[in-house]
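Read off the chains here:
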Amino acid sequence: MAGLSLKHIYKKYPGGYVAVTDVNLEIRDKEFIILVGPSGCGKSTTLRMIAGLEEISEGELYIGDKLVNDIAPKDRDIAMVFQNYALYPHMTVAENMAFGLKLRKVPQDEIQKKVVEAARILDLSHLLDRKPKAMSGGQRQRVALGRAIVRSPKVFLLDEPLSNLDAKLRAQMRTEISKLHKKLGTTFIYVTHDQTEAMTMGDRIVVMKDGFIQQVDTPQVLYEAPANKFVAGFLGSPQMNFIDAVLRRNEYGQYCVEFGSNDNRNARGTRFTIVVPESKSVADLAKYVDREVTLGIRPESVHDEPAYLATAKTGIIDCNVEITEMMGAETYLYLSCEGIPITARVQPSSTAKPGENIKVGLDPNRIHLFDKETERTIVN
C-alpha cells in the first residue's frame, strides 16, 4: 500500500494557460481523499497527472517513497475508474474484468481467482457471463470498479465515476464505494464536482478553484470552519446565505453586524443588527469596525419557530416569504429581507406561506464573517 506526496505541482499548457498551480498535498496510506470543485478547477487534471496520463510541468510526485514523474502509467501501480465506464461491448463481465491481467501475462488460474473474488465483493457473481449492453448503469460502474480491483493496485483513482447515474443509484453507489474502500484498505483518490458526494464519502476533502487548492480538511471542519467565502458557499445544500453588511461597535463595546437599508427619507427601510457573541469576538475584528464585511449564515441556522423567536435576544429580522418547498423531513423557505435573498431550512411543521411577512431569527452563534475584498474568513 502507499501514500502519495505532491510537491509544488504545476500543469502548464502551450500558450501560457496554467491549469494547476503549486499543488502541495500529502495523502496518507489507505486514506479516502476527495478532490472537489466546479468544472475547470483543475481536479481532473491533478488526478490525470497522478495517473501519468498528463505530464507534470513542474514539481514532484511521489507514490510511496518513489519519484514517479517519469514513470509510465502502467508501472505506477495505480488503477483508474472513469466516468464513462470504458467497457468493451463485445466482452462479457468476466472478460472485461480479466482483460488488464491478460495483457500483463498473469497466469489463467490466478486471473480466474481474482475475477471471482472481485465479483463477490461487488455482487456481480450472477452477471459474469453478461455483456455490458444487457446491464444497468450501476452494474456497469461496478464492472469498471471490478476491473480496477483485480489488479490489486496501491492506489485507486476515480474520476467522477457516478455522474452518469440517476440520483437514487448515485446515492446507493456512494455507499457501495465507501464500503469497498473499507474492505480493500487501499488509498482512494476520488474526483467529483458534487459536494454531497464529497461530504459523505471522504476522510478529507481538497477544495479546488481556478487551479489552486483553497482548503484541505475533514468534511466537518470544512463545513463549520471554511477558510474563505468560496469554500463556505461551495459546501452545503442549500448553500450558505451571504449578506452585505457593516461591522460596528455599540455603546457597550460589543461588535455588531448591521445590514438592510437605513433610508430615513421614506421610513420604509429597516436596519437589522446582530450582536457578535463573545466567543466570536476575536482581536482581528477591531480593524474591521465601520468597514463593509460579508455576513454568512447557513440555512439551518435561520429559524422561524415561535419558541426560538421568543427567547432570541438579537438577530430577529422581518422577511417576505417568496417560495416554500416541502422536502418531507424539512421545508425550505426562500425569503426576501429588504431585497436580500435568504434561504431558511426549517421544520416541516412550519406554517409560513408564500406572500406572508414573517419574522425569522439568525442564530448569532452560527454566523461567519468574511473580508469583503479578499473573501478570506474573519470569524467562524
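Details of the structure are given in the entry above.
Residues numbered from 1 in each chain as written. Predicted model: local features only at pLDDT ≥ 70, side-chain atom pairs only at ≥ 80, totals over all residues. Heavy atoms only, no water.

Undergrad: Can you help me understand the pattern of salt bridges in this one?
TA: If the charged atoms of two oppositely charged side chains come close together, the side chains can form a pair. Taken as a whole and judged by the stated rule, the model has 17 salt bridges. In this structure, the salt-bridge partner of K11 is E54, at a minimum N-O distance of 3.5 Å. You can see K11 sitting in strand β1 (residues 4–12) and its partner E54 sitting in the loop between α1 (43–51) and β4 (58–63), a full 43 residues away along the chain. Taken individually, K11 and E54 each receive the classification buried, so the pair is uniform in this respect. Residues E258 and R271 are paired through a salt bridge, measuring 3.5 Å at the closest nitrogen-oxygen approach. Residue E258 is found in strand β12 (residues 255–260), and its partner R271 is found in strand β13 (residues 271–275); the two are separated by 13 residues along the sequence. Each of R248, E258, R271 and D290 takes part in one network of salt bridges that share partners. (Salt bridge = Lys/Arg side-chain N within 4 Å of Asp/Glu carboxyl O. Helix = DSSP H or I, 4+ residues; strand = E, 2+ residues; numbered from the N terminus. Buried < 20%, exposed > 50% of the residue type's maximum accessible area, 1.4 Å probe, protein only.)

Undergrad: I would appreciate a short explanation of the sheet that holds β12 in the present structure.
TA: The strands making up a sheet associate through backbone hydrogen bonding, with each pair oriented either parallel or antiparallel. The sheet built from six strands is open, its strands ordered β13-β12-β11-β14-β20-β21 with antiparallel pairing. Strand pairing shows two members of the sheet lacking a second neighbour, β13 and β21 (377–379), which therefore form its edges. Across this sheet, the average inter-strand angle for adjacent strands is 40 degrees, counted without regard to direction. Bridge analysis of strand β11 (residues 241–249) against strand β14 (residues 292–297) gives six bridges, and the strand direction is antiparallel. The partner of I243 across the bridge, within β14, is L295. (Pairing = 2+ DSSP bridges. Axes fitted to C-alpha atoms, helices over the stretch in contact; angles between N-to-C directions.)

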